[in-house]
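Here's the letter readout for the chains.
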Amino acid sequence: MTGAFLLGLTPAALKAGDEDGEIIPPAQYASLPSDNRTDDPGVTGSLPNTKTLSGFASLVYQGAITLRASAPTNCTPGDLRDVVASVAEKFGPVSVESTHRTSGRNWRAGGARHSLHLSCRAVDFRVRARARGVMAYLRAHPQVGGLKIYRNGIIHIDNGERRSW
């Protein structure tokens, strides 16, 4: 599509497909009302209501927790999601870098042969706060088994046996 702009074509001039020859209609935009009707499903459609989202999901929706596309959290145990949410609430924005890994991806990442990432029981994340304070905070959580901070600033937590390496 970028090439079309360089050639002077507008998006409306682009064809939808070779066989049907239809023109793609121009994009249409709508604004939400400026009054306090943003919680009304009739006005907002399917936008989630942040008042009903749980802690982790609410923080993701608000942008306090960002997720990499390669870091699914639907399989991550709730206790680890709660810990990440509490870190975001206490220390500021968190970026979840890794959760579940395939064995090939785990090998390329330098993960242990029996890494808890393979069973989606580990989370690697970044936070901008001082590492010493975050690590002390995480040590105090009984839900955290494995705990490590890597040289690149990524913090690893899992729900296995209590250990650090």
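Residues numbered from 1 in each chain as written. Predicted model: local features only at pLDDT ≥ 70, side-chain atom pairs only at ≥ 80, totals over all residues. Heavy atoms only, no water.

**A word on unusual backbone geometry**
A negative phi holds for most residues other than glycine; trans holds for most peptide bonds.
Right, so step 1: Unusually for a residue other than glycine, Cys120 sits at a positive phi of about 60°.
Right, so step 2: Considering the arrangement of structural elements, one finds Cys120 in the loop between helix H5 (103–108) and strand S3 (122–127). (Helix = DSSP H or I, 4+ residues; strand = E, 2+ residues; numbered from the N terminus.)

**Considering helix H6 (residues 131–139)**
Right, so step 1: The complete set of buried residues in H6 reads Val134, Met135 and Leu138. Viewed along the axis of H6, the buried residues span an arc of 100°, placing them on a single side of the element. Exposed side of H6, more than 90 degrees from the buried face: Arg132 and Arg139 are the residues found there.
Right, so step 2: On its buried face, H6 is in contact with helix H4 (78–91), S3, strand S4 (147–149) and strand S5 (155–158). (Buried < 20%, exposed > 50% of the residue type's maximum accessible area, 1.4 Å probe, protein only. Arc of directions from axis to C-beta. Contact = heavy atoms within 4.5 Å.)

**Focus on the pairing of strand S2 (residues 94–98)**
Right, so step 1: Most of S2 is tucked away: five of the five residues are buried.
Right, so step 2: When strand S1 (residues 65–67) meets S2, the two strands line up parallel, connected through three bridges. When the sheet's bridge partners are listed, Thr66 is paired in S2 with Ser95.
Right, so step 3: With respect to chirality, the unit in which S1 leads through H4 into the neighbouring parallel S2 is left-handed.
Right, so step 4: Across four bridges, the pairing between S2 and S3 is antiparallel. Bridge pairing links Val96 to Phe125 in S3. (Pairing = 2+ DSSP bridges. Right-handed = clockwise from strand over helix to strand, strands pointing away.)

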